[in-house]
Amino acid sequence: MPTLWHNCHLATLAEGRYSIIENAAMITDEGKIQWVGPQGEAPTNPGCEQVDLQGRWVTPGLIDCHTHLVYGGNRSGEFEQRLQGVSYAEIAAQGGGIANTVRATRAASEDALFESARRRLACLLKEGVTTVEIKSGYGLDLPSERKMLRVIRRLGDELPVTVRATCLAAHAVPDAYKDNADGYISFICEELLPALASEGLVDAVDAFCEYLAFSPAQVERVFQAASRLGLPVKLHAEQLSSLGGSSLAAKYQALSADHLEFMSEQDAVAMGAAGTVAVLLPGAFYFLRETRLPPMQALHDNNVAIAISTDSNPGTSPVLSLRLMMNMACTLFRLTPEQALAGVTLHAARALGLGDSHGSLEVGKVADFVAWDIERPADLAYWLGGDLDKRIIRHGAELTFKQETP
Ligand code: DI6
Ligand code: FE
């Protein structure tokens with residue numbers, strides 16, 4: 001039965017930009033949006049179920065387009081070390097960092113990984129996230145990367161959220177390939193990716209292009225392997241140093257290049273021309289106490305779409321709130337609240353290749369939305385902490401969540 005959602009205001013994000021309709025209504029049917037417009041113009045259909053949203057503001061369901069939610073272990077000890085002055089790179093050189101989480105993830109059972117990730121993901125869902133991307137990358141061998149990706153698929157099967165699975169096998173060089181990063185890249189390209197893709201476990205391919213991870217030449221081989229398999233690519237680029245990874249991503253028509261604090265003007269030109277989305281991750285910037293800002297003016301000047309995400313991971317961004325990232329994107333990176341909202345809806349959908357079906361309130365798109373008890377859309381980026389009263393609708397049906405600790 002169709003549903004008429006009425007007595008609300010809509011932040012539609014229609015036609016590729018922030019846009020609103022006050023005193024609006026929306027009709028959904030079979031999980032899709034059928035009609036959007038001013039309340040007075042809503043078609044009358046006596047067969048419609050009616051829901052009074054009591055003057056709430058409705059936004060598209062939030063989309064967290066860059067997370068590493070599946071992992072074993074706990075790195076709060078490294079947080080304490082860093083507060084004593086030990087750097088992220090020093091901890092990694094001592095066998096901590098990503099390698100620490102790889103050991104714990106390999107040791108964990110599939111069920112244990114599922115349960116810990118489920119609890120973390122539940123925090124995001126209660127906040128209004130209806131689509132999430134989750135990366136592998138703490139396995140770094142075929143069985144363990146497969147285990148992570150299977151957990152990611154299972155999260156999408158068992159929880160009320162649309163999940164995109166990204167293979168990030170090129171996250172770090174595993175011990176088995178110590179001093180042989182090229183050999184590990186060959187293994188990824190020739191064995192790991194083809195196997196996992198053939199099992200239907202991969203929606204996109206990512207890599208960590210950084211001086212303490214993989215070079216642009218190595219990343220390019222991963223991108224070529226992904227292209228042979230028909231998989232879209234994304235890239236962790238320019239987080240800690242400037243290697244031109246974002247230009248390389250643009251060359252391969254990447255869905256997104258992520259982090260970008262150290263990107264150049266030239267990288268921004270390339271991304272704008274390719275339509276590659278810039279995913280900014282203020283949680284990692286904050287948690288690592290970085291000081292170099294992404295070149296916001298160059299991104300705006302080149303019409304690069306900007307998405308915002310949690311980068312939720314145990315080492316550099318133990319973040320379980322996408323709304324907090326909206327606030328940090330405004331405070332730290334000088335986005336407007338409207339740009340931050342577009343960054344967790346419209347542009348985040350594009351960063352996942354879901355721009356045609358998700359990320360805005362438009363006819364034909366999936367009926368994923370949140371009806372917030374707020375005065376203005378800017379309130380979403382304004383409040384820090386706490387929980388805003390909201391109703392969450394996914395595929396046209398309202399969700400309820402139980403309380404639990406992450
Ligand atoms: N960039 C990051 O910030 C994370 N991965 C990446 O490629 C760090 C992951 C970790 O430290 O566990
Ligand atoms: Fe990341």
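Everything below is about the structure shown above.
Remember, it's a predicted structure, so these values are computed and weren't measured experimentally. The written sequence of each chain sets the order in which its residues are numbered from 1. By the order in which they are written, chains take letters starting at A while ligands take numbers starting at 1. Predicted model: local features are reported for residues with pLDDT of at least 70 only, side-chain atom pairs are reported and counted for 80 or more only, and whole-chain, interface and lining totals are derived from all residues. Side-chain metrics in this entry use all non-hydrogen atoms of the structure; hydrogen atoms and water are not considered.

Remarks on the coordination of the iron ion (ligand 2)
(1) Moving on: Nitrogen, oxygen and sulfur within 2.8 Å of a metal are treated as its donors, or within 3.2 Å for sodium, potassium and calcium (Na, K, Ca); water is not counted, so a site can appear incomplete. H66 (NE2), H68 (NE2), H236 (NE2) and D311 (OD) make up the full set of protein donors to the iron ion (ligand 2), lying at 2.1 to 2.3 Å.
(2) Moving on: A four-donor site is called tetrahedral if each angle lies between 85 and 135 degrees; a four-donor site is square planar, and a six-donor site octahedral, when trans pairs exceed 155 degrees and the remaining angles lie between 65 and 115; all other cases are labelled irregular. Every donor counted, the four donor atoms about the iron ion (ligand 2) form angles of 82 to 165 degrees at the centre, which fits irregular coordination.
(3) Moving on: Between the donor residues of the iron ion (ligand 2), the gaps in sequence give the motif H-x1-H-x167-H-x74-D. Taken together, the positions of H66 in the loop between β5 (62-64) and α1 (76-83) and H236 in strand β9 (residues 234-237) put the pair 170 residues apart, joining distant regions of the chain. You'll find H66 and H236 in the same group, each marked buried. By definition, any uninterrupted DSSP run of H or I lasting at least four residues is a helix, any uninterrupted run of E lasting at least two residues is a strand, and each is numbered from the N terminus. Only protein chains enter the area calculation, which uses a 1.4 Å probe; residues under 20% of their type maximum are buried, those over 50% are exposed, and those in between are partly exposed.

Quick notes on the site of ligand 1
(1) Moving on: Residues are counted as near a molecule or strand when any one of their heavy atoms sits within 4 Å of it. Around ligand 1 there are 14 residues in total, and R75, Y88, Y138, H171 and T316 lie nearest to it.
(2) Moving on: What qualifies as a polar contact is a pair of N or O atoms within 3.5 Å, subject to a donor-acceptor requirement within protein and to the restriction that residues adjacent in sequence count only when both atoms come from side chains. H171 is positioned with one of its side-chain polar atoms (N or O) 2.8 Å from a nitrogen atom of ligand 1.
(3) Moving on: Interatomic distance of 3.5 Å between a side-chain N/O atom of H236 and an oxygen atom of ligand 1.
(4) Moving on: All accessible areas in this document rest on Shrake-Rupley with a 1.4 Å probe, and a residue is counted as covered only by the protein chains that are shown. In the complex, 100% of the free accessible area of ligand 1, which totals 320 Å², lies under the protein chains.
(5) Moving on: Think of it as three bins: nonpolar holds Ala, Val, Leu, Ile, Met, Phe, Trp, Tyr, Cys and Pro, charged holds Asp, Glu, Lys and Arg, and polar takes everything else, Gly as well. Taken together, the residues of the shell around ligand 1 break down into four nonpolar, eight polar and two charged.

Quick look at helix α5 (residues 142-158)
(1) Moving on: Between its first and last C-alpha atoms α5 spans 24 Å; for 17 residues at 1.5 Å apiece the expected length is 24 Å, and the two agree.
(2) Moving on: Every buried residue belonging to α5 is among S144, E145, K147, M148, L149, V151, I152 and L155, and all of these are buried.
(3) Moving on: Residue contacts follow a heavy-atom distance rule, with two residues in contact if any of their heavy atoms lie within 4.5 Å. Of the surrounding elements, those touching the buried residues of α5 are α3 (98-107), α4 (110-126), β6 (129-135), β7 (162-170) and α6 (181-198). Expected helix span is computed as 1.5 Å times (number of residues minus one).

Quick look at unusual backbone geometry
(1) Moving on: In this structure, E238 is a non-glycine residue whose phi angle is positive, near 55 degrees.
(2) Moving on: With respect to the helices and strands, E238 occurs in the loop between β9 and α8 (245-251).
(3) Moving on: With a relative accessible area of 1%, E238 lands in the buried category.
(4) Moving on: In the Ramachandran plot, N303 falls in the positive-phi region, its phi being about 55 degrees despite a non-glycine side chain.
(5) Moving on: Its location among the elements puts N303 in the loop between α11 (296-301) and β12 (306-308).

Side note on the sheet that holds β7
(1) Moving on: One open sheet holds the eight strands; their spatial order is β5-β6-β7-β8-β9-β10-β11-β12, and the pairing between them is parallel. What marks the edges here is a single partner per strand, and that holds for β5 and β12. Averaged over all adjacent pairs, the angle separating strand axes in this sheet is 25 degrees, with direction ignored.
(2) Moving on: With three bridges joining them, strand β10 (residues 256-259) and strand β11 (residues 277-280) adopt parallel strand pairing. If you follow D258 over to β11, its bridge partner there is V279. Being paired, for any two strands, means DSSP has found at least two bridges between them. Lines fitted to C-alpha atoms define the axes here, with helix axes fitted over just the stretch in contact, and angles between the N-to-C directions of these axes take values from 0 to 180 degrees.

Section: the packing of α3 against α5
(1) Moving on: Between α3 and α5, the least distance of the axes is 10 Å, while the angle of their chain directions is 75 degrees. In terms of their interaxial angle, α3 and α5 are classed as roughly perpendicular. Contacts between α3 and α5 pair T105, R106 and A107 from the former with S144, K147 and M148 from the latter.
(2) Moving on: Across the contact of α3 with α5, the residue classes tally to two nonpolar, two polar and two charged. Working definition: roughly parallel below 35 degrees, roughly antiparallel above 145 degrees, roughly perpendicular at 65 to 115 degrees, and oblique for all remaining angles.

Details of the packing of aromatic side chains
(1) Moving on: Two aromatic rings from Phe, Tyr or Trp, using only the six-membered ring of Trp, form a pair when their centres are within 6.5 Å; if the ring planes differ by under 30 degrees the pair is stacked, by over 60 it is edge-to-face, and anything between is tilted. For the coordinates displayed, the defined rule picks out 10 aromatic pairs.
(2) Moving on: Ring centres of W5 and F369 lie 5.1 Å apart, and the angle between their planes is 85 degrees; this geometry places the pair in the edge-to-face category. Here the residue W5 occupies a position in strand β1 (residues 3-11), and F369 occupies one in strand β13 (residues 369-372), the gap between them amounting to 364 residues. Each member of the pair, W5 together with F369, is buried.
(3) Moving on: Here, a charge over a ring means that NZ of Lys or CZ of Arg falls within 6 Å of the ring centre while also lying within 35 degrees of the ring normal. A cation over an aromatic ring shows up here: R120 above the ring of Y71, its NZ or CZ 3.7 Å from the ring centre.

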